Amino acid sequence: MQAAHRRHIGQVEAAVYARWQMPDAVQFISLRRRLTRQTLEVRMQHTPPDSVLALRADYRQAESRAARLRLLVESGRTLNALPAAESGALALQRACSFCAMDGGVLLLRHADGSPSRSAGFGPAALQQQLATLPWQGAAQVFAAPLPEVALALCLPLHAASGEVFGALLLGNASAMRGPDAEDLEALQLLATLLAGHLHNSQLLAALSLRERSMSELVHQQMTAQEDERARVAYDLHDGLAQTLAGLHQRLQGFAQHRQLNDELRAALAPILQLAQRSMGETRQAISGLRPTLLDDFGLAPALDRELDRLRSQGRQVQWLRRDMQRLRPAVEIALFRVGQEAINNICKHTDSGAVSLDLHLDGDTARLQVEDRGPGFAAGQKQLAGEGGMGLVAMRERCLLLGGQFSCHSQPGQGTHLLASIPHALADEEHA
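- Under an unreviewed UniProt entry, the chain has the name histidine kinase and belongs to Ectopseudomonas chengduensis.
- According to the UniProt record, the Catalytic activity (unreviewed entry) comment for the chain reads "ATP + protein L-histidine = ADP + protein N-phospho-L-histidine."

1. A look at unusual backbone geometry
Stage number 1. Positioned with a positive phi, alanine 144 is a non-glycine residue whose angle comes to about 50°.
Stage number 2. Tracing the sequence through the fold places alanine 144 in strand β3 (residues 140-146).
Stage number 3. At histidine 424, a residue that is not glycine, the phi angle is positive and equals roughly 50°.
Stage number 4. Topologically, histidine 424 is positioned in the loop between β10 (416-422) and α13 (428-431).

2. Here we look at empty space enclosed by the protein
Stage number 1. Applying the stated criterion across every chain yields a total of two cavities of 30 Å³ or more.
Stage number 2. In this structure, the second largest cavity encloses a volume near 60 Å³.
Stage number 3. Taken together, the elements giving at least two residues each to the lining of the second largest cavity come down to α10 (299-312) and β7 (355-362).
Stage number 4. In terms of residue count, β7 provides more of the lining of the second largest cavity than any other element does, three residues in total.

3. Regarding the pattern of salt bridges
Stage number 1. One pass over the full model with this rule turns up twelve salt bridges.
Stage number 2. Across the pair arginine 311 and aspartate 304 runs a salt bridge whose closest N-O atoms are separated by 2.9 Å.
Stage number 3. Each of Asp304, Arg305, Asp308, Arg311 and Arg322 takes part in one network of salt bridges that share partners.

4. Brief notes about the pairing of strand β1 (residues 103-109)
Stage number 1. With six of its seven residues buried, β1 lies for the most part within the structure.
Stage number 2. Relative to strand β5 (residues 164-172), β1 is paired through six bridges, and the arrangement is antiparallel. Bridged to glycine 104 within β5 is leucine 170.
Stage number 3. Pairing of β1 with strand β2 (residues 115-121), which is carried by six bridges, proceeds in the antiparallel orientation. Residue pairing across strands places leucine 108 opposite serine 116, the latter belonging to β2.
Stage number 4. The hairpin turn running from β1 into β2, its antiparallel successor, is five residues long, and glycine 113 in that turn takes a positive phi close to 95°.

5. What to know about the packing of helix α6 (residues 181-238) against helix α12 (residues 391-401)
Stage number 1. Two elements in contact, α6 and α12, have axes whose closest approach is 11 Å; the angle formed by their N-to-C orientations is 105°. By the angle between their directions, the pair α6 and α12 is classed as roughly perpendicular. Taken together, the residues of α12 that come into contact with α6 (itself represented by Ser215, Val218, His219, Met222, Gln225 and Glu226) are Ala394, Glu397, Arg398 and Leu401.
Stage number 2. Looking at the contact of α6 with α12 residue by residue, the classes come out as four nonpolar, three polar and three charged.

6. Topic: the layout of surface pockets
Stage number 1. Its boundaries defined by the atoms lining it, the largest pocket holds a volume of some 710 Å³.
Stage number 2. Residue lining of the largest pocket: 30 residues in total, with Gln284, Ile286, Ser287, Gly288 and Glu306 positioned closest to the centre.
Stage number 3. When residues of the lining of the largest pocket are traced back to their parent elements, those giving at least two are α6, α7 (240-255), α8 (262-289), α9 (292-296), α10, α11 (329-349) and α12.
Stage number 4. Among the elements that line the lining of the largest pocket, the one with the most residues is α8, at six residues.
Stage number 5. Tallied by class, the residues present in the lining of the largest pocket amount to nine nonpolar, eleven polar and ten charged.
Stage number 6. The two domains that each donate at least three residues to the lining of the largest pocket are domain 1 (47-290) and domain 2 (297-423).

About the thresholds
Residues numbered from 1 in each chain as written. Predicted model: local features only at pLDDT ≥ 70, side-chain atom pairs only at ≥ 80, totals over all residues. Heavy atoms only, no water. UniProt positions renumbered as here; feature names shortened; annotations may be inferred. Helix = DSSP H or I, 4+ residues; strand = E, 2+ residues; numbered from the N terminus. 1 Å grid on protein atoms, 1.4 Å probe; cavity = no way out; pocket = protein on both sides within 12 Å on 5 of 7 lines; lining within 4 Å. Points joined across faces, edges and corners; volume = space filled by probe spheres on them. Salt bridge = Lys/Arg side-chain N within 4 Å of Asp/Glu carboxyl O. Buried < 20%, exposed > 50% of the residue type's maximum accessible area, 1.4 Å probe, protein only. Pairing = 2+ DSSP bridges. Axes fitted to C-alpha atoms, helices over the stretch in contact; angles between N-to-C directions. Parallel < 35°, antiparallel > 145°, perpendicular 65-115°, else oblique. Contact = heavy atoms within 4.5 Å. Nonpolar A, V, L, I, M, F, W, Y, C, P; charged D, E, K, R; others polar. Domains from an automatic or database assignment.

And the structure:
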């Protein structure tokens, strides 16, 4: 009979502890109390009267365990919803209320090893004294560590690597019985929850700082690249292009000289063609580096010049919308590079199919859409990743650096659709 009773009681307690996984702490506590009362009733029905005191002691222990679990469940859920700056004060308040302490402090260790107070609870004088207590890598109970502190608790905060980076120090001015082993374990678990939240916040802040630094570095690199492109383009325009133009004119004048016979004119014809082709290639190189149309007339004419490469191949090109309004220089350069790379990819990887462009303003957001009805590519294919070109990654990065968005959708046999959008695109005087 007693063995059956123990099995029944064990099943009831197992249900209680299994309920620890419930997301709603209020339902868990209510169920815990109900099952505890049921356990007590079962035991009292099959227990002699002289054991009632023992059952009451068991009931008090069960209530204490429920209080510990409530502290952990509610604190864990609340800490995750708070920023790191407020989580320390909440953890101190809950820990002091749980063990009836007057106050406490949260100390965090800097990179140089010096501690600093991050949060406090209770009287200011008590906080100042607690901040002077030593703290190590294990939970400790101090009996009268300072003249005005009768009892103190040290709860260290461990990082994922095991390193101690802070501590919760709780204290009481009047003498009292210290927490038992289970209460101290529950408090240390609360400190572990706080440590995980604070450490994750520190890692997230460091990651955000690193991401901002990388974005600034990429922005500086792309700005320097555009400046270098412009410098080389202007040097070619004012140097090599002018020289080739002069050479072509002199050759044309020489070819029209009356004293030349037919044999010399025939020999001079391919030289003229070579000079003319060199001039064309130089202009194309200048346009690829930094088209003067972009600086003089804006984004739409510069992109339309790039589309001439597709028209020369006999491809059908259509403008769905073509907004001629001038944009901020940084926005025009970014969208021009996106469109230029998209046209490069179409020339390289497709042989047929119509191409459509859509350039318009949606409020102060500039949107550029490039769509072709070529063969397309599968997700993860490196075809447009750009080994020698800017690639999809650089297209996306250019948009993100200006606070915009970039998307690419493609499937084999269904073509490719690119969409780049950048906010605050209007020139400063127009945007104001």
